[in-house]
Amino acid sequence: MDAIIRQMSRPEQQQLLDWAALEGWNPGINDADLFWNLDPDGFMAIEVENILAGGGAVIRHNSMFGFMGLFIVDPRFRSQQLGSQLWVARKEKLQSRLKLGATIGLDGVTEMVPFYERGGFRQFTKHRRFEFKPTNLRLDQDAGLTHLSKIDFSDIEALDEGCFPGNRQAFLKNWIGQDNAIGLGLVEKDRLRGYGLMRPCLSGWKVGPLIADQIESANRLWSGFAKHSQGKSIFIDSPDNNPAAIRLCESYSMTEVFGCQRMYLGQPPELDHARIFGITTLEVG
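Residues numbered from 1 in each chain as written. Predicted model: local features only at pLDDT ≥ 70, side-chain atom pairs only at ≥ 80, totals over all residues. Heavy atoms only, no water.

Take the overall build of the chain next. Counting its regular elements, the chain contains eight helices and 13 strands. Computed over the C-alpha atoms, the radius of gyration of the chain is 19 Å, within 12% of the 19 Å expected from 2.2 N^0.38 for a compact globule of 285 residues. Across its three principal directions, the C-alpha atoms of the chain cover 60 × 40 × 30 Å. Counting over 285 residues, the chain shows a buried share of 56%. For the chain, long-range pairs separated by at least 24 residues make up 72% of all intrachain contacts whose partners lie at least 6 apart in sequence. Surface accessibility of the chain: about 12,900 Å² in total, with carbon and sulfur atoms responsible for 47%. (Helix = DSSP H or I, 4+ residues; strand = E, 2+ residues; numbered from the N terminus. Rg over C-alpha atoms; globule rule 2.2 N^0.38 Å. Buried < 20%, exposed > 50% of the residue type's maximum accessible area, 1.4 Å probe, protein only. Contact = heavy atoms within 4.5 Å. Areas by Shrake-Rupley, 256 points an atom, 1.4 Å probe, with all protein chains shown as cover.)

The next point concerns the nonpolar core. Core analysis: the largest hydrophobic core is formed by 37 residues, its most contacted members being Phe35, Phe43, Leu70, Ile156, Ile176 and Tyr195. Breaking this core down by element, the ones donating at least two residues are α1 (10–22), α2 (31–38), β2 (43–48), β3 (51–62), β4 (65–73), α5 (153–160), α6 (169–176) and β9 (191–200). Broken down by element, this core gets its largest block of residues, five residues, from α2. Residues within four places of Phe43 in sequence aside, it is in contact with Gln7, Met8, Gln13, Phe35, Trp36, Gly56, Ala57, Val58, Ile59 and Leu70. Within the second largest apolar cluster, 26 residues are counted, among which are Phe130, Trp222, Ile236 and Ala244. (Core = buried A, V, L, I, M, F, W, Y, C linked by side-chain atoms within 4.5 Å.)

On to helix α8 (residues 243–251), then. Taken residue by residue, α8 has Ala244, Ala245, Ile246, Leu248 and Cys249 as its buried positions. Looking at the buried positions of α8, the neighbouring elements they touch are β6 (122–132), β10 (205–212), α7 (215–227), β11 (234–239) and β13 (276–278). Once α8 finishes, Ser253 follows within two positions and takes phi at roughly 55°, a positive value.

The values reported here are purely geometric and, on their own, carry no functional implication.
As structure tokens, this is what we get:
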């Protein structure tokens, strides 16, 4: 079976997100546009006889960090080695867009970890997806919480620094400004102590990122998001290497519904993991 691996078009990228929905990945309502605007050259497709068979993201965040995600093959074309061909091509393409010695990250489901390890990736930490179903739980007061639109972006950028490999100014501006999302910051004594973004998804909401100086700050932000949830479920992807993040989820009796391994090809980035209570996305990093 002859396959062609090439750049992905914008309509095909939307198809990729539609497949993600069918796989139960519950993408955000605005994800397709936000991901595309992040890196229009960062999507690759594999086609068979003029039919889109699969695709994936190969996002170049900066010259020293890239991310592979949204890796899906149409069920009709699975078990034919097409996914393996595409994955190798994607890795090589992304490496060609980065400087020598750059790091590439991905989030892999457990059954795919051995495959990624054969490709040179190494496990770093686990990301756990938790679901919170709003109830009549008594929630903390939201004093000090401010909508991100009212906070100087330079303060948000400064708090975000050290929680992602390199500056992501353009993406962050678009991300926190997306339609129908709720962005909250915790301000005390004129200092931004934490911020987060809750975006609308096909089912409920996802919070990400959730960055805070300590668990008490993250808790107050989460309480604020819960009050804005309109009774819908809220999901968050929290990292095992911040035990306080897992404690926060457990304190709200959240249910773990999914998990994957964050893996890196190259040197793992040095981040302030104690401040990362929820990662931005599993799809583009």
